Amino acid sequence: MFVYCELNEGLQKGSIVSEVSNNIWGLAEDASALVGVVSRDATQDAETQKWYAPIVFAGDCQALAGEAIPNGGGFFSVANGRVILSTDPNLGVIAPNISGAPDRVADSFVMIHLR
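Residues numbered from 1 in each chain as written. Predicted model: local features only at pLDDT ≥ 70, side-chain atom pairs only at ≥ 80, totals over all residues. Heavy atoms only, no water.

Draft legend 1. Representation of the packing of aromatic side chains. In the structure shown here, the tally under the stated rule is two aromatic pairs. On the basis of an interplanar angle of 80 degrees and a centroid distance of 5.7 Å, the ring pair of Phe2 and Tyr4 is categorised as edge-to-face. Ring geometry for Trp25 versus Phe57: centroids 5.3 Å apart, planes at 65 degrees, classification edge-to-face. Separated by 32 residues along the polypeptide, Trp25 in strand β3 (residues 24–27) and Phe57 in the loop between β6 (51–56) and β7 (59–64) bring together distant segments of the chain. Across the pair, exposure class does not vary: Trp25 and Phe57 are buried alike. The ring of Phe109 carries the charged tip of Lys13 above its face, separated from the ring centre by 5.5 Å. (Phe/Tyr/Trp six-rings, centres within 6.5 Å; stacked < 30°, edge-to-face > 60°. Helix = DSSP H or I, 4+ residues; strand = E, 2+ residues; numbered from the N terminus. Buried < 20%, exposed > 50% of the residue type's maximum accessible area, 1.4 Å probe, protein only. Lys NZ or Arg CZ within 6 Å of the ring centre and 35° of its normal.)

What follows is the structure, encoded as structure tokens:
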């Protein structure tokens, strides 16, 4: 499920966002509010100069890692617009790494399931 939303800046695919003001979305500092994932790089409207992108609010998607993620995956939280490991199962899970794939480091894509 995704919705096209206005962003407060040009964000890249995989960024974790939350509402920063009156239906304008920006990088999420943490997981204390509703979060979504930018599913494609933001584009800027030539006339209005506003930024827009499709935001995923539930289901499977690729997100940017904020730290090294173990091959076994785990629960996640959010810090500075990226997913990090957590012990809290409420937000969602980071999928295990594909067998034989390179280690997942900060700023690499990881598959998550957003609840």
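Having seen it, we continue.
Draft legend 2. Local environment of the sheet that holds strand β10 (residues 92–94). Here five strands make up an open sheet; going across it, the order is β7-β11-β10-β8-β9 and the pairing antiparallel. With one partner strand each, in any of the chains shown, β7 and β9 (82–86) form the two edges of the open sheet. For this sheet, the mean inter-axis angle between neighbouring strands, taken without regard to orientation, is 45 degrees. (Pairing = 2+ DSSP bridges. Axes fitted to C-alpha atoms, helices over the stretch in contact; angles between N-to-C directions.)

Draft legend 3. Local environment of unusual backbone geometry. The residue Gln49 is not glycine, and still its phi comes out positive at about 65 degrees. Mapped onto the elements, Gln49 comes out in the loop between β5 (43–44) and β6. A residue is classified by how much of its surface remains accessible, and Gln49, at 45% relative accessible area, is partly exposed. Positive phi outside glycine occurs at Asp107, with the angle close to 70 degrees. If you trace the backbone, Asp107 turns up in the loop between β10 and β11 (109–114). For Asp107, a relative accessible area of 53% gives the class exposed.

Draft legend 4. Region of interest: the environment of Leu7. Of note, Leu7 is situated in strand β1 (residues 2–7). The spatial distance from the C-alpha of Leu7 to the C-alpha of Pro54 is 9.9 Å, given a sequence separation of 47 residues. Leave out the neighbours within four places in its chain, and Leu7 touches Ile24, Trp25, Ala42, Trp51, Tyr52, Ala53 and Ile55. (Contact = heavy atoms within 4.5 Å.)

Draft legend 5. Structural detail: the side chain of Asn97. Inspection of the secondary structure puts Asn97 in the loop between β10 and β11. Here Asn97 falls in the buried class, since its relative accessible area comes to 16%. Those residues in contact with Asn97, other than ones at most four positions away along the chain, are Asn71, Pro102, Asp103 and Arg104.

Draft legend 6. Representation of the nonpolar core within the structure. If you look at the biggest cluster of nonpolar residues, it comprises 17 residues, and the most contacted ones within it are Ile16, Val37, Phe76, Val83, Ile94, Val110 and Ile112. Put simply, the parts of the chain that give this core at least two residues each are β4 (35–38), β7, β8 (74–79) and β11. Excluding anything up to four places from it in sequence, Ile112 contacts Val37, Gly59, Asp60, Cys61, Ala63, Phe76, Val83, Val93 and Ile94. Counting 10 residues, the second-largest nonpolar core is a separate cluster that includes Cys5, Val17, Trp25 and Ile55. (Core = buried A, V, L, I, M, F, W, Y, C linked by side-chain atoms within 4.5 Å.)

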